[in-house]
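Listed below, chain by chain, are the residues.
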Amino acid sequence: MRSQPNAGGHTDHPTPDWTAVLDQIRQGDPAGEETLYGVLRNGTRLFLRRRLDTDDVDDRVHDLFVILVEAIRRGEVREPERFMGFVRTVLHRQLGLAISDMVRNRETLVPGTNAAEIRGAGPNPEEQAEWNEKLGFMKNVLKDLTARETEILTRSYIRQQAPDQIAGEMGLSTAQVYLVKSRAKAHLAELVQRRIRRRG
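No experiment lies behind these values; they were computed from the predicted model shown.

Participant: Kindly report on the nonpolar core, identifying the contributing residues and their values.
Facilitator: Grouped together as the largest cluster of nonpolar side chains are 28 residues, with contacts concentrated most on Leu36, Leu40, Phe65 and Phe83. Of all elements in the fold, only α1 (18-26), α2 (30-51), α3 (57-73), α4 (83-108) and α9 (174-199) reach the threshold of two or more residues within this core. Top element by residues in this core is α3. It accounts for eight residues. In this structure Phe83 touches Trp18, Leu22, Leu36, Ile72 and Val77, once residues within four positions along its chain are discounted. In terms of nonpolar packing, the next biggest core, distinct from the first, is built from eight residues, Leu145, Ala184, Leu188 and Val192 among them.

The structure is reproduced here in structure tokens:
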């Protein structure tokens, strides 16, 4: 191993043998995913935290990790020696999307309305009925997910557990948690679209 700039552009961690790591990922060896995740976690999280005033930095790292793993498996990364350049390109693209999202969210906020006022208003009967219908719809969709997908989504979004905690309690690696979570979200979106088409 030798030192070279990591995903955030800093030189402080030894760089893995990317030829071996990419081969492991292509072959489905979790060791390759763990190595990649470790590099991203060390460099990318700090890079994003310095540039984004937001709490979803871990989700951004997760998205980057999944994009990279899928690109490697599709054969889009052919030159291991240029892999970190590819990582930085994707990272800056994701940073641009994150900033665009933040700007869009700020533009859609209603001026002069604070969170306390919104919470105090409460739903009217029509809104409550619509919410109950959506809740029933989602409960039915969730039944079609696998047990592991449901557990990881529940732990992540309802119990607000960190990926490391989920990994430890479920006997998975953190990288595996990220991959299952990403696939579960994609599966959930597909199921929702399928049911909407049926109802339509």
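Resuming the write-up.
Participant: Lay out the packing of aromatic side chains in plain terms, naming residues and giving numbers.
Facilitator: In the structure shown here, the tally under the stated rule is five aromatic pairs. Look at Trp18 and Phe83: their rings are 4.8 Å apart centre to centre, the planes differ by 55°, and that puts the pair in the tilted class. Of this pair, Trp18 sits in helix α1 while Phe83 sits in helix α4; the two residues are 65 residues apart in sequence, bridging distant segments of the chain. As far as burial versus exposure is concerned, Trp18 and Phe83 are alike and both buried. Pairing Tyr37 with Phe65 gives two aromatic rings, centres 5.8 Å apart and planes at 80°, and the pair type is edge-to-face. On the criterion of sequence distance, the pair formed by Tyr37 in helix α2 and Phe65 in helix α3 is long-range, its members being 28 residues apart. On the basis of relative accessible area, Tyr37 is assigned to the buried category, the value being 4%. Phe65 sits in the buried class, given a relative accessible area of 0%. Through a chain of ring-to-ring contacts, the aromatic side chains of Trp18, Phe83 and Phe86 assemble into a single cluster.

Participant: Could you give an account of α1, with specific residues and numbers?
Facilitator: Within α1, burial applies to Trp18, Val21, Leu22 and Ile25. Across the axial projection of α1, the buried residues extend over an arc of 95°, all falling on one side. The N-terminus of α1 is capped by Asp17, whose side-chain oxygen sits 3.1 Å from the backbone nitrogen of Thr19. Looking at the residues trailing α1, positive phi occurs at Gly28, about 80°.

Calculation criteria
Residues numbered from 1 in each chain as written. Predicted model: local features only at pLDDT ≥ 70, side-chain atom pairs only at ≥ 80, totals over all residues. Heavy atoms only, no water. Core = buried A, V, L, I, M, F, W, Y, C linked by side-chain atoms within 4.5 Å. Buried < 20%, exposed > 50% of the residue type's maximum accessible area, 1.4 Å probe, protein only. Helix = DSSP H or I, 4+ residues; strand = E, 2+ residues; numbered from the N terminus. Contact = heavy atoms within 4.5 Å. Phe/Tyr/Trp six-rings, centres within 6.5 Å; stacked < 30°, edge-to-face > 60°. Arc of directions from axis to C-beta. Polar contact = N/O pair within 3.5 Å; in protein donor to acceptor, adjacent residues only side chain to side chain.

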